[in-house]
Amino acid sequence: MDVCVRELLDSDVPKWSSFGPEQEQLRDTLARVSRGAAECLVAEIAGGRIVGKVRIDYEDRPGVGTIMQFDVVPDQRSRGVGTTLMRHAEQRVRARGLRTAEIGVETNNPRALALYERLGYTAYAVEPESWTQHHPDGTEYLYKTECTLLRKAIEVS
């Protein structure tokens, strides 16, 4: 499958409809991108359909490219989209001259954990985590979970 990975554009936000209220979060991410604090990439397939996204944050942990908001739409999982996105994210971390990439994954998501481990990430901690989510009716709630933190050494050329 041909996947094009490129930077998120403001015009892409409405296309990310399968995640509803997350569109506002994407707009906040674009503001961070404009300040140079983050990068956000999308994976696009034929016909212009956006099927994945990833954010790389450069302020969360000094000297580290923190990969977050990594997601692939359900009907495109296990087709190489996630691997392609992660490789591009790592290239961005490398281009910043950083030697470490990190990502957190919910401990109840063994499929994603297996992907990250296959790509060379090693678990180093488990931490409680929480963030705002939305019920189907649009109301907000605080989602609480536990995340495995993983890191990978990135070779800088």
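Conventions used here
- Residues numbered from 1 in each chain as written.
- Predicted model: local features only at pLDDT ≥ 70, side-chain atom pairs only at ≥ 80, totals over all residues.
- Heavy atoms only, no water.
- Helix = DSSP H or I, 4+ residues; strand = E, 2+ residues; numbered from the N terminus.
- Expected span 1.5 Å × (residues − 1).
- Buried < 20%, exposed > 50% of the residue type's maximum accessible area, 1.4 Å probe, protein only.
- Phe/Tyr/Trp six-rings, centres within 6.5 Å; stacked < 30°, edge-to-face > 60°.
- Lys NZ or Arg CZ within 6 Å of the ring centre and 35° of its normal.

Colleague: An account of helix 2 (residues 81-95) is needed here, citing residue identities and associated values.
Modeller: A rise of 1.5 Å per residue sets the reference length of helix 2, with its 15 residues, at 21 Å; its end C-alpha atoms lie 21 Å apart and thus fit the reference within 8%. Listed in full, the buried residues belonging to helix 2 are V81, G82, T83, L85, M86, A89, E90 and V93. Taken from the residues just after helix 2, G97 is the one with a positive phi, measuring 80°.

Colleague: Break down the packing of aromatic side chains for me, with residues and values.
Modeller: Applying the stated criterion across every chain yields a total of 2 aromatic pairs. For the pair F70 and Y116, a centre-to-centre distance of 5.7 Å together with 80° between the ring planes defines the contact as edge-to-face. Taken as a pair, F70 in strand 4 (residues 65-72) and Y116 in helix 3 (residues 110-118) lie far apart in primary sequence, 46 residues in all. An angle of 40° between the planes, with centres 5.2 Å apart, marks the rings of W131 and Y143 as tilted. Separated by 12 residues along the polypeptide, W131 in strand 6 (residues 122-134) and Y143 in strand 7 (residues 140-153) bring together distant segments of the chain. Sitting over the ring of Y124, R151 keeps its end group 3.6 Å from the ring centre.

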